[in-house]
Amino acid sequence: SLSLLFVVNKYDARGSLCPLRTRTGSLCPLVCVSDVSLCPRGYGADSCPAGQTLCIDGTCSAECGDIPARKNPCGCSFQHPPSEAQSLVPCAAFPEVTIQHYNAKDTDQLIDFCSTQFNISGTLPTWGQWTTAQNLPSGSAEGSRRFWAGNQCPKAPKYRYTYKETMWVAVFACAGAEALILLIWSMYKSVREMPIRRLRHRDSGFTTTAAAAVAVVDDDGEKKVTKMDDLSDDVSSEKHSSGSKASTTGDGSSDEPELYIRGYKNDILGWIGFISVLLVSLGWFVWMGFWTGDYYGTLGEPYSLSLYNSGLLDETLIPIWIFAMTWLVVCCTFQDRLRNYFRIECLPSVGTYVQIERELKMLQMASSTSRFVIFAKRVEVAFTKLIRANVRVQTCRIETTTSNLRYFNYMCTRYVFNEATKQYGPYQFDMGSTHRQLNSHSTGLSSQEASSRFELVGPNFISVDVPSYFVAFCLEMSQFFYLYQFMVMWLYYYWNYYIIGVIDTCIILLSAIVKVVVRVRSELRVKRMAEHSELCRILRDDKWQELSTIDLVPGDVFQVIAGMHVPCDAVILGGNIVVDESSLTGEPLPIRKFPIHNDDGAHDQSGAGKINTLFAGTSVSQAQPVNSADGSVSEPIALCLHTGTQTDKGQLVQQILFPQPISFIFNEQLRLVFGILIIYAVIVFVLAMVFYQTQPSASWFYAMFSCSQLICPLLPAALVMGQSVAAGRLKKKSIFCVDLPRIIMAGKVQMFCFDKTGTLTKEGLEFYGGLCAKSTGRDVKAWSFDPFIDSFDALPQLMRTAASTCHAVAEVEGGLMIGNPVDIEMFRTTKCTISKTPSAGALDTIVSPDGSLSLDIVKRFEFLHSRASMSVAVRDPRDGHVHVFVKGSFEKVREHLDTATVPSDYLSAANRMAKQGGYVLAVGHRDLGNIDESAMQNWTRDDMENDSELVGFIVFKNMLKEDTHEAIAKLKGGDTRTVMITGDTALTGVFIAKGAGLMSNSATVYLGDVDKAGNLYWTDVDREEPVPQSDIDRVIAGASAPNGDFELAMTGKAFNRLADLGLIRQYVLHTRVFARMLPNDKVNCVQLHMERGITAMCGDGGNDCGALRAAHVGLALSDAEASIVSPFSSSDRSINSCVELLIQGRSALATSFAGYLYLILYGQTMTFLKIFSFYFSNTASSNTWIWVDAFINTIMSICVAYSGPASKLSKHRPTARILGPQVLASALGTVAINFTFLASAFAWLYSKDWFRCNEFDSSTTDIAKWWLLADNYEAMVLAIVCLFQFVNNAMVVNFGYLFRRRWYHNYALVFLWAVYVSIISTVLLARTNWLGCRFRMNCGSKGVLADEFGIHPKFHIEDYNNIIGHNIIPTADRYELWGICIGNMCATVLWQLVFALYPVHSALRKKRPLRRLKVKL
């Protein structure tokens, strides 16, 4: 060891020189003689039993001929001993002796004692003294030579290979051949690719951008290819930016990254080069395997490959390991590009392979403001760009169609080579943008045209390639982390450390297997969801043919039948269809779909056209023909618009299979911590090399072991363990999670946005009453409202007729009504029924409750979010009149009313009911008289709805869920801002917000809206008075409102107006209610909140599914399949699910930190253990290491993850900063305390008389035999103190009741802690026993135990490797050491409880709060 503080065994505890000790053992060296007859009496040939002779290895045997010369100890392990020593043979070994005042460094004392003890005449020289005078004792004959050998052997010279050995000749031949192959290939490749480089140099200033080709199909069915860009033909690297519907990112965003495409061709020389690289990579493992086998003698005798020299073997393996690691790291880093390096680059248009590079754009969830972290992030980004680790590379094979079209499949999408643009891209057919254009394709396609389109877009089948478990496992193992771990494990296997190597390898493999199984099962679930095919009837060549849905192409017309799964995105051309979209949107109720009208209205699939669109992946519940007025029947048919990944379902599948990388502050700082640990490992490596004053190879191995244990292999697994446990707990609460990393993000939610209807309020609406208008003349002031009527039967007939007909409710088999929940409740209130067989020319026939009257709906314009209204034309068979009814929001319907029929208090009356929580719908009416119905078929919505007369208001109440107020109060008590984003009226939203507790009942609410001129204005909701913009600006700037507490609310119009002005960000965090928000407005609103903090969105999965997917944390209250509508879904439909999600999220985040902190503390404790071991050149026993790595570290890590969540939502959110003050205080404080007590334990040890002068002297043993270095006091004290620290670290990180249950509720961890502490205490305090001896603690050699302590163990004990033969500490002193360890545990616990978590931390948090987002709860 390196004696910096003490000289080993020189002074006792009082400063006096250490006395020499009595030493018993096989101390006398061997005697080597030129003839056995020269051996002392009884130690020559006469020492062997009859029939045996003394062999050259010093043993007795009947046959000695097979013993190699190198076994002769007189050769002193010299590879080529001097000629004078080659004829020497050993005498028999001398027995044990006892030497008084033994001095291990006094060679003359030992020689004199042994000569006297065994009657050796004359003076024998030591081995290596070859003069005749020294070799011949007095009176000896010439050639009679005797020498002391054994432990008196001189240091053997360093052996070196001549490198003419057969194995090295083979190695150099292989290395030279590989270098030559790579050199030849590099030169050959350079020459072959010269034209490409010339093109690139010539066009260096020219950037090509390739977009998807769009085939615009005209009314005659002819397709015309539109070039998105005019491109050069001779471009070596084609830069592709997908402008098609088929998203290349999988995130559904419009801001898609560019694809860089390069073409490649195979070459026979390239094949040779690539195979040579594979063989060399495999050869490294085989080569290291040979040397490892040589270490254990599995290939013959140990060290046979290294000239029978262990030091040379170590020195050989080290550079082999370094070269192998370097080679494999390079191959691993560039594995995605390696194969194409051994191909010839060419134009993508003529290559047989294409290499596709896509830059990964990180989705920033939250980031740190620390300058240090920002700087480290910049360094990381620069490094990843340098090695292009920020680019995902994939190689695809070029295929050809039957008509020789070239294409490849990338991200489940077919990319076809476009001869017009000279580049690849996904093909998209534009079937038209208006209803009339879409209807023009109702005759279907010809087989020839369908075949042509099939080659362009590929099969209508999303093929999800899921690797087998074995292949997935191999891919997982190819990652850099596993390469690093297994290369380190190789060192463990080599250096007789294989027990720990096996344990760590099992842990690594188990972690990898779990990850692989979870991922493959998830991909198989996606595969089952994505891959579907069935037979359907398709209109081809003007006749219906039964074909597979795989054969569908854009432009095909197919029949829609009940029970089928919709195979593509399609527009309905005929029939009434009911679809279950729960698997796609989470909408719990089936939705009624209608055919498009034959007019020039625009079709927007993602907007108003949803009601006319069938989406792939949904299922058809009902499909009915429609009888037209002329007697013809409109069968349920649909026109295929998009197939494969160009469908909404396809894009969602891409989102799952190719998710956008997410960056969270936790992950950002975790990478930084790994960087710090690597730097720390380098420091530990240097310390090991400095402290170990022995052979450098042994020091190198110890240093590498220390580095590997500092960066624990369990760390990545421990970080996700808490998330997995939390996901299991959420599932028990009926909350399903499909994206585990989002769980810890739920722990940092700062703002929770809610939909209103079906989320904060009950699913259904309740009829509340009606307010009907009456006319006394044509004067505006003559129109007024009757008193409010709360009974439906008391309403005027016209209002009851409107309620029974102005809807889109349908009834499916089983009597289930489907449609808008408001329409369903309204229709149920009328007690009317829907005839299963509509009258001729009618869409639906409504039958009165008594069956006396049937009303035919002859035309319907479905509800549009953009217009917030719907209308129907109803035929009254009694007089033949056609009546038009318009129903919708009172603001929108007013725009279509005859102003003469609008009472002066129209808005005030509606607002009054809305303030009371009413869902207010205005109803208008027109009597068209006996009009020809066919003349109406081409009417637009405005034609039918304008100039209606007001009927009145029909009012529903949407009641709060019983637990809404309680859940909102819990969220606000948990430091979470709650916001409402609804499509309902602002006044109703304000009423519900006050009732739910989002805002106080006494708060002054300022409502923002936009007038007809487009001007923004504000109104005091309670006073109904205008509020100047200046007052609003003052209150959001921090000034108090005139009436105290204030809240803002705004309509969708105001929201968009402020967004257009660039002012919306000033208002977002001050606005409580966003009303009249369209689905896209909800998405934009959520994204604006996301800019300011972690944002959650909760809805029922209907028109808010876009916002659910956009939010950091989306929770769909839907009992649909927990799939892709949002990261979380709950079948409970209770707002308490939001509370539970945040409780579990905060617990998972805190648990992830606890697991991370425990393994960091494990690494730090292990580092201290190693550094002290380096200094003393000792180590813990092998069983101690097994117990630490296999039982303490692994099992306690698992138990830490099972700490339960807190029973209620805490007042604060847990930190997400690994390098934040709380985590650093906890970690650094614990580390400092542990180091202080460890140093104190050694200070205590050096103060003891029984220890001083009995110190471990590493110079007397071979430190390469590490398993023999634990038999001393230093190793025992070091191991005992560190074992207590290892165990107690888990308890320290288990504290904290804000986000997790109190520490004593983690029963498994507490039990395990108690058991481990008891075991360690027993080993330390109890009398010598089997357990302590297994750990080489408080034990000794059997003879020493019997002679000095009167202990006679019956179990086997290997003799101790120290002078005194034991490491038993006196009983009283053992209790002192135990007290130090208990004090260490108590100090770390107090630090954690007092400073890191509670009083001190809370005080500092109040005095110096962190810069956080301040929002009004």
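Residues numbered from 1 in each chain as written. Predicted model: local features only at pLDDT ≥ 70, side-chain atom pairs only at ≥ 80, totals over all residues. Heavy atoms only, no water.

**Q** I keep staring at the overall build of the chain and nothing clicks. Help me out?
**A** Summing up its helical and strand segments, the chain has 42 helices and 54 strands in all. Taken across its 1417 residues, the chain has 53% of its residues classed as buried. Long-range contacts, defined here as pairs at least 24 residues apart, represent 72% of the contacts in the chain between residues at least 6 apart. (Helix = DSSP H or I, 4+ residues; strand = E, 2+ residues; numbered from the N terminus. Buried < 20%, exposed > 50% of the residue type's maximum accessible area, 1.4 Å probe, protein only. Contact = heavy atoms within 4.5 Å.)

**Q** For this particular structure, what's the right way to read the sheet that holds strand 28 (residues 619–624)?
**A** Picture the strands of a sheet paired through backbone hydrogen bonds; they go either parallel or antiparallel. Read across the sheet, three strands follow the order 26-25-28 without closing on themselves; strand pairing throughout is antiparallel. Each edge of the open sheet carries a strand with a single partner, namely strand 26 (591–593) and strand 28. With direction set aside, neighbouring strand axes in the sheet form an average angle of 25°. Strand direction decides the pairing type here: strand 25 (residues 576–580) and strand 28, joined by five bridges, are antiparallel. Across the sheet, residue Val579 finds its bridge partner in strand 28, namely Val620. (Pairing = 2+ DSSP bridges. Axes fitted to C-alpha atoms, helices over the stretch in contact; angles between N-to-C directions.)

**Q** Can you help me understand the state of the cysteines in this one?
**A** Formally, a disulfide is one covalent bond, and it connects the sulfur atom of one cysteine to the sulfur atom of another. One pass over the structure, following the stated rule, counts seven disulfides. Across the disulfide from Cys18 sits Cys1253; the S-S distance is 1.8 Å. Taking the sign of the S-S torsion, about -85° here, the bridge from Cys18 to Cys1253 comes out left-handed. Here Cys18 is found in the segment before strand 1 (21–25), whereas its partner Cys1253 is found in the loop between helix 36 (1221–1246) and helix 37 (1273–1294), with 1235 residues between them in sequence. A residue is classified by how much of its surface remains accessible, and Cys18, at 15% relative accessible area, is buried. Residue Cys1253 is classed as buried on the basis of its relative accessible area of 12%. (Disulfide = S-S within 2.5 Å.)

**Q** Can you help me understand the nonpolar core in this one?
**A** Burial of nonpolar side chains together is a common tendency in soluble globular proteins. Within the largest apolar cluster, 211 residues are counted, with the highest numbers of intra-cluster contacts made by Phe953, Tyr1156, Ile1192 and Ile1280. Looking at this core, the element that brings in the most residues is helix 34 (residues 1136–1176), giving 24 residues. Core analysis: the second largest hydrophobic core is formed by 33 residues, Cys753, Ile981, Leu1069 and Val1083 among them. (Core = buried A, V, L, I, M, F, W, Y, C linked by side-chain atoms within 4.5 Å.)

**Q** What is the right way to read the sheet that holds strand 31 (residues 637–642) from this model?
**A** Ordered in space as 22-21-23-31-24-27, the six strands form an open sheet in which the pairing is antiparallel. Each end of this open sheet is capped by a strand with a single partner; those strands are strand 22 (543–548) and strand 27 (613–614). Here strand 21 (residues 535–540) pairs with strand 23 (residues 557–559) via two bridges, running antiparallel. Counterpart to Leu539 in the pairing with strand 23 is Val557.

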